[in-house]
There are 2 protein chains.
Amino acid sequence: MSQPLRLGIAGLGTVGVGLIELLNGQAELLTTRVGRPLVVTAVSARSQRDRGVDLSAMAWCADPAELASRDDVDLVVELMGGEGDPAKSLCQAALAAGKSVVTANKALLALHGTELARIAEANGAILGYEAAVAGAIPIVKAVREGLAGNGFRRLAGILNGTCNYILTQMQSTGRDFAEVLAEAQALGYAEADPSFDVDGIDAAHKLAILTTLAYGTETDFDAIHIEGIRDVEALDIAFAAELGFRIKLLAIAAATEHGIEQRVHPCMVQADTPIAYVDGAFNAVETQTDYADRSVFEGRGAGAHPTASAVVADIVDIARGRDGMTYSVPVTALKPLSPAPMDRHEGPYYVRLEVYDQPGVIADISAILRDESISIESLLQRGRATDANGSVPVVLITHEVGEAAMLRALARIGDLDSVRDRPRMIRIEYL
Amino acid sequence: MSQPLRLGIAGLGTVGVGLIELLNGQAELLTTRVGRPLVVTAVSARSQRDRGVDLSAMAWCADPAELASRDDVDLVVELMGGEGDPAKSLCQAALAAGKSVVTANKALLALHGTELARIAEANGAILGYEAAVAGAIPIVKAVREGLAGNGFRRLAGILNGTCNYILTQMQSTGRDFAEVLAEAQALGYAEADPSFDVDGIDAAHKLAILTTLAYGTETDFDAIHIEGIRDVEALDIAFAAELGFRIKLLAIAAATEHGIEQRVHPCMVQADTPIAYVDGAFNAVETQTDYADRSVFEGRGAGAHPTASAVVADIVDIARGRDGMTYSVPVTALKPLSPAPMDRHEGPYYVRLEVYDQPGVIADISAILRDESISIESLLQRGRATDANGSVPVVLITHEVGEAAMLRALARIGDLDSVRDRPRMIRIEYL
């Protein structure tokens with residue numbers, strides 16, 4: 001038996017504790033798979049409270065930075081989270097010292113991934129981040145290795161479990177966003193400050209990483225168009241169902257003639273496509289590639305054990321001596337991302353208007369759409385005015401149209417006296 | 001730029017040609033990913049007919065065995081198929097010579113995988129077979145690496161596209177097996193002799209490989225319980241739909257208290273589980289593991305380009321210097337598989353009987369089930385006798401019950417004078 005691989009873990013939240021549980025529970029299996037034991041020699045966390053796992057054999061480091069320089073740590077596992085220090089400086093220091101790093105930190109990878117990869121590859125260290133994207137789904141490995149012979153047409157994913165849980169609950173109960181969010185918070189499925197999740201930032205962090213893997217481009221978080229799910233109403237979910245769609249928050253990267261699109265926003269997806277059935281805390285990624293065609297990967301998106309499973313996959317890979325490439329190409333071969341501007345996006349749209357039930361309304365709306373060359377695939381007017389305001393919902397599905405024209409039309413429609421409130425728009429994505 | 005990696009390809013059927021197309025089409029991308037060019041230096045096939053790809057720069061080997069010994073071949077790609085020679089001897093010779101082998105040959109791996117892995121690992125060569133299981137889905141990699149921290153509770157897959165196409169067509173058209181099979185043959189989706197596919201052998205070959213990966217056991221094809229889809233009738237598909245199920249041919253490996261179950265047979269799966277929606281030529285695998293919980297992988301199960309995509313993933317991995325383990329543990333650490341006998345299987349069952357519509361029939365059937373301690377979850381009797389034979393279908397869904405008791409009960413029920421034909425049984429699998 002060779003020398004153990006000695007791990008230093010920074011961060012003992014639920015994932016850190018889940019990792020120690022996994023390493024203990026699967027010690028024999030992992031030793032066989034790796035050819036040597038995996039041993040945690042040092043840990044660092046904010047407090048030394050009891051976490052239900054035995055830490056007595058591990059050195060305690062008050063300062064996580066110590067893990068980068070300790071002689072008894074071969075590989076650093078960074079589970080503190082946060083885009084900045086101390087996570088960033090710990091990873092930098094460890095990689096610069098030639099120590100491999102495994103992290104679940106999507107914000108860090110989304111904002112500083114390219115920089116960290118440069119340090120890693122220059123120093124013969126490996127940076128593993130399977131756990132940073134889509135929890136237990138081995139999607140980093142699938143894009144980096146499993147689909148290595150392919151160019152990517154599009155990659156679309158449900159990458160945030162909180163949003164997916166909320167949308168699933170809205171779908172099954174008919175309730176509105178605020179109510180379901182409050183319940184999710186009470187159950188611990190959503191944070192007290194939910195904006196990171198429900199505004200799409202978390203999904204965008206993960207998308208930034210996947211884009212780099214799929215397209216060989218430098219990670220460019222700022223180029224992502226981000227919309228969250230706060231504006232999705234129960235009425236939209238009901239109309240979606242009636243029209244054969246489901247509403248999902250998707251993170252999408254796509255190659256277009258204008259460059260690479262990166263966007264996170266609520267989407268209407270056909271009810272009979274695999275991703276439409278991915279409910280609750282599950283994540284999923286669909287890839288469209290030029291040789292493998294469509295592939296779908298689904299699994300738990302978060303949680304102590306699923307995330308620990310992904311961390312361990314990286315540790316095992318590194319222990320078995322995997323190659324030093326952080327992405328699908330060497331970091332020196334990454335190209336700057338050429339972003340497709342969002343107003344050049346093209347696709348079909350769902351539009352919902354609240355109109356006063358009077359003659360000529362539809363004619364006014366149709367004229368505006370005609371002016372912008374937007375053609376209507378279907379139009380749905382639901383009943384007569386029953387609302388105290390005397391308005392009725394009108395739903396339009398358009399054919400493929402440019403985003404800029406769509407936004408101009410919506411602005412003009414919203415200005416009509418016969419239209420109450422601003423028009424609601426949800427992009428339709430055919431998967 | 002380093003020296004090219006020189007490939008020798010044995011077998012120029014659709015997959016071999018698809019591979020050459022992929023290597024040509026993605027030459028630049030692959031060179032960047034691997035760090036050196038991939039070049040096909042030699043090929044072997046039964047005839048030198050025109051295949052629409054330029055082979056002029058490649059040496060032609062009349063005897064595939066030559067690829068194992070040529071100095072200008074670093075890695076052998078075996079795409080001839082067949083469990084025996086020449087595929088087997090070519091792989092043995094190449095591996096014994098320390099040359100890595102990439103193959104799409106599931107029969108070879110299912111029957112001689114352990115032996116080939118021994119030769120490979122003893123000679124520092126790598127045996128890649130991602131393309132042998134589930135086409136473009138990187139499931140070998142997912143089980144071997146992505147889920148490396150997990151023990152497997154169960155693995156269940158739709159692994160044969162022909163069966164899945166036939167069952168999907170039966171479902172959507174209401175037609176019977178023979179009719180749909182004939183159509184599939186006319187369209188080229190099924191072979192002239194379809195038995196390899198429709199009798200479950202092909203799915204079982206793939207299952208044997210996945211079992212070894214998931215459980216670290218020697219490949220044991222003979223231990224698989226195999227039933228094909230010939231007995232599935234349109235009536236069963238209709239009842240399945242009525243009861244909220246779909247019928248799929250599943251290949252299942254599961255850890256039980258009696259050992260490891262390996263079985264291929266038609267299953268009733270809930271209509272709302274992801275695998276129920278995997279239609280036509282797509283394959284899917286669901287894994288249930290102790291830390292990652294449920295994961296689902298879906299993609300094209302066959303075809304020139306999807307299979308070539310999987311072959312290239314292995315080539316790229318090998319070129320990047322991946323570890324030499326054939327399975328999830330070194331071949332020397334594989335344990336003999338301890339098979340769970342099929343008659344120890346436990347689960348719920350769907351049973352369809354054709355009974356003569358007379359008093360006391362249900363009482364007789366119920367008494368037999370009671371004698372075997374089989375409890376009924378639901379019973380469905382469809383209308384009065386309209387059939388010329390005066391019989392009506394009766395459908396039973398049982399609670400969890402042992403296979404041995406179920407088979408005894410079905411034999412006795414089939415002997416009743418009031419029951420026409422032998423009872424039909426389909427196992428229900430909750431995924």
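Criteria and cut-off values
- Residues numbered from 1 in each chain as written.
- Chains lettered and ligands numbered in written order.
- Predicted model: local features only at pLDDT ≥ 70, side-chain atom pairs only at ≥ 80, totals over all residues.
- Heavy atoms only, no water.
- Helix = DSSP H or I, 4+ residues; strand = E, 2+ residues; numbered from the N terminus.
- Rg over C-alpha atoms; globule rule 2.2 N^0.38 Å.
- Buried < 20%, exposed > 50% of the residue type's maximum accessible area, 1.4 Å probe, protein only.
- Contact = heavy atoms within 4.5 Å.
- Areas by Shrake-Rupley, 256 points an atom, 1.4 Å probe, with all protein chains shown as cover.
- Lys, Arg positive; Asp, Glu negative; His and termini not counted.
- Charge placed at Lys NZ, Arg CZ, Asp CG, Glu CD.
- Salt bridge = Lys/Arg side-chain N within 4 Å of Asp/Glu carboxyl O.
- Core = buried A, V, L, I, M, F, W, Y, C linked by side-chain atoms within 4.5 Å.
- Pairing = 2+ DSSP bridges.
- Phe/Tyr/Trp six-rings, centres within 6.5 Å; stacked < 30°, edge-to-face > 60°.
- Lys NZ or Arg CZ within 6 Å of the ring centre and 35° of its normal.
- Least-squares fit on C-alpha atoms with pLDDT ≥ 70 in both.
- Buried area = accessible area lost by both parts, 1.4 Å probe.
- Nonpolar A, V, L, I, M, F, W, Y, C, P; charged D, E, K, R; others polar.
- Axes fitted to C-alpha atoms, helices over the stretch in contact; angles between N-to-C directions.
- Parallel < 35°, antiparallel > 145°, perpendicular 65-115°, else oblique.
- Left-handed = near helix turned anticlockwise from the far one by under 90°.
- pLDDT = per-residue confidence, 0-100.
- Polar contact = N/O pair within 3.5 Å; in protein donor to acceptor, adjacent residues only side chain to side chain.

Attention now goes to the overall build of chain A. In terms of helices and strands, chain A carries 14 helices and 18 strands. Relative to the compact-globule value of 22 Å for 431 residues, chain A shows a C-alpha radius of gyration of 24 Å, a close match. Here the C-alpha coordinates of chain A stretch approximately 85 × 45 × 35 Å along the principal axes. Counting across all 431 residues of chain A, residues that qualify as buried make up 60%. For chain A, long-range pairs separated by at least 24 residues make up 74% of all intrachain contacts whose partners lie at least 6 apart in sequence. Carbon and sulfur atoms provide 48% of the accessible area of chain A, an area that totals close to 15,400 Å². When the 37 basic and 58 acidic side-chain charges of chain A are each reduced to a single mean position, those positions are 3 Å apart.

Looking now at the pattern of salt bridges. Residue and element names in this part refer to chain B. Here the structure, examined in full by the defined rule, presents 74 salt bridges over all chains. Note that Lys106 and Asp202 form a salt bridge whose closest N and O atoms lie 3.6 Å from each other. Placement of Lys106 in helix 5 (residues 106-122) and of Asp202 in helix 10 (residues 201-215) is noted, with a sequence separation of 96 residues between them. Judged by relative accessible area, which is 26%, Lys106 ranks as partly exposed. Taking relative accessible area as the criterion, Asp202 reaches 4% and is therefore assigned buried. Its salt-bridge partner being Arg422, residue Asp231 comes within 3.0 Å of it at the nearest N-O pair. A residue pair is termed long-range when its members are at least 10 positions apart, and Asp231 in the loop between strand 8 (225-226) and helix 11 (234-242) and Arg422 in strand 18 (residues 419-428) qualify at 191 residues. The exposure class of Asp231 is partly exposed, given its relative accessible area of 45%.

Turning our eyes to something else, we now look at the nonpolar core. With 167 residues, the main nonpolar core has Ile139(A), Ile166(A), Ile139(B) and Ile166(B) as its most contacted residues. Here Ile139(A) is in contact with Glu130(A), Val133(A), Ala134(A), Leu210(A), Val285(A) and Phe297(A), once residues within four sequence places are set aside.

As a further point, take the pairing of strand 18 of chain B. All names here are of chain B. Of all ten residues that make up strand 18, eight are buried, and the element is covered over most of its length. Here strand 10 (residues 259-270) pairs with strand 18 via two bridges, running parallel. If you follow Cys267 over to strand 18, its bridge partner there is Arg427. Where strand 14 (residues 349-356) meets strand 18, six bridges bridge the pair, whose relative direction is antiparallel. Opposite Tyr349, over in strand 18, you have Arg427 as the bridge partner.

Time to look at the packing of aromatic side chains. All chains considered together, the criterion is met by ten aromatic pairs over all chains. Plain terms: the ring middles of Tyr165(A) and Tyr189(A) are 4.7 Å apart, the flat faces sit at 75° to each other, and that makes the pair edge-to-face. Of this pair, Tyr165(A) sits in helix 7 (residues 161-173) while Tyr189(A) sits in the loop between helix 8 (177-187) and helix 9 (195-198); the two residues are 24 residues apart in sequence, bridging distant segments of the chain. Assessed through its relative accessible area of 46%, Tyr189(A) is described here as partly exposed. For Arg294(A), the ring lying beneath its charged end belongs to Phe282(B), and the centroid distance is 4.6 Å.

Attention now goes to unusual backbone geometry. Residue and element names in this part refer to chain A. Look at the link from Asp85 to Pro86: it is a cis peptide, with omega at 5°. Mapped onto the secondary structure, Pro86 falls in the loop between strand 4 (75-78) and helix 4 (87-96). Even without a glycine there, the phi angle at Asp293 is positive, about 65°. Within the secondary structure, Asp293 is located in strand 12 (residues 293-300). Asp293 gets classed as partly exposed once you look at its relative accessible area, which sits at 21%.

Our next topic: the relation of the copies chain A and chain B. Mapping chain A onto chain B is achieved by rotating through 180° and translating by 0.0 Å along the same axis, at an RMSD of 0.0 Å. Viewed as a symmetry operation, the transformation between the two copies matches a two-fold axis. No C-alpha of chain A lies nearer the rotation axis than that of Phe297(A), which sits 2.4 Å from it. Mapped onto chain B, 100% of the interface residues of chain A again fall at the interface, so both copies present the same surface.

Attention shifts here to the interface of chain A and chain B. With 51 residues of chain A at the interface, the matching set in chain B holds 51 residues. Of all residues in chain A, the largest losses of buried area upon contact with chain B belong to Arg33(A), Tyr291(A) and Arg320(A), amounting jointly to 18% of the total for that side. Notably, a salt bridge pairs Glu298(A) with Arg294(B), separated by 3.1 Å at the nearest N-O pair. Of all the secondary structure elements, the ones that give two or more residues to the side of chain A that touches chain B are helix 1 (14-25), helix 2 (27-34), helix 6 (139-146), helix 10 (201-215), strand 12 and helix 12 (304-319) of chain A. The dominant element in the side of chain A that touches chain B, judged by the number of residues it contributes, is strand 12 of chain A, at eight residues. Residues belonging to the side of chain A that touches chain B are distributed by class as follows: 25 nonpolar, 13 polar and 13 charged.

The subject of this paragraph is the packing of helix 7 of chain A against helix 8 of chain A. Residues and elements named next belong to chain A. Running from N to C, helix 7 and helix 8 cross one another at 125°; their axes reach a closest spacing of 9 Å. Of the possible angle classes, the one that applies to helix 7 and helix 8 is oblique. Read as a crossing pair, helix 7 and helix 8 show a hand that is right-handed. Residue-level inspection shows Tyr165, Ile166, Gln169, Met170 and Thr173 of helix 7 in contact with helix 8, the latter providing Phe177, Val180, Leu181, Glu183, Ala184 and Leu187. Here the residues of the contact of helix 7 with helix 8 sort into eight nonpolar, two polar and one charged.

Take the confidence of the model for chain A next. Per-residue pLDDT for chain A has a mean of 95; in total, 98% of the residues score no lower than 70. Across the assembled chains, the prediction reports ipTM 0.96 with pTM 0.96.

The next thing to look at is the sheet that holds strand 1 (residues 5-10) of chain A. All names here are of chain A. Read from one edge to the other, the open sheet built from six strands follows the order 3-2-1-4-5-6, with strand pairing classed as parallel. Lying at the two open borders of the sheet, with one neighbouring strand each, are strand 3 (59-60) and strand 6 (127-128). Bridge analysis of strand 2 (residues 38-44) against strand 3 gives two bridges, and the strand direction is parallel. Directly across from Ala42, in strand 3, lies its bridge partner Ala59.

What follows is about the environment of Ala238(A). Residue and element names in this part refer to chain A. Within the secondary structure, Ala238 is located in helix 11 (residues 234-242). A relative accessible area of 45% places Ala238 in the partly exposed class. Here the alpha-carbon distance between Ala238 and Ser172, two residues 66 residues apart in the chain, equals 9.9 Å.

With that settled, consider the side chain of Ser391(B). Residue and element names in this part refer to chain B. Summarising the element assignment, Ser391 is placed in strand 16 (residues 391-398). What makes Ser391 buried here is its relative accessible area of 3%. At 3.2 Å, the side chain of Ser391 forms a polar contact with the side chain of Glu354. In this structure the side chain of Ser391 is engaged in a polar contact, spanning 3.0 Å, whose partner is the side chain of Arg420.

For the rest of this paragraph, the subject is the sheet that holds strand 5 (residues 100-103) of chain B. All names here are of chain B. If you trace the six strands from one edge of the open sheet to the other, you get 3-2-1-4-5-6, paired in parallel fashion. Each end of this open sheet is capped by a strand with a single partner; those strands are strand 3 (59-60) and strand 6 (127-128). Sheet contacts for helix 1 (residues 14-25): strand 1 (5-10), strand 2 (38-44) and strand 4 (75-78); angle to strand 1, the most-contacted strand, approximately 160°.

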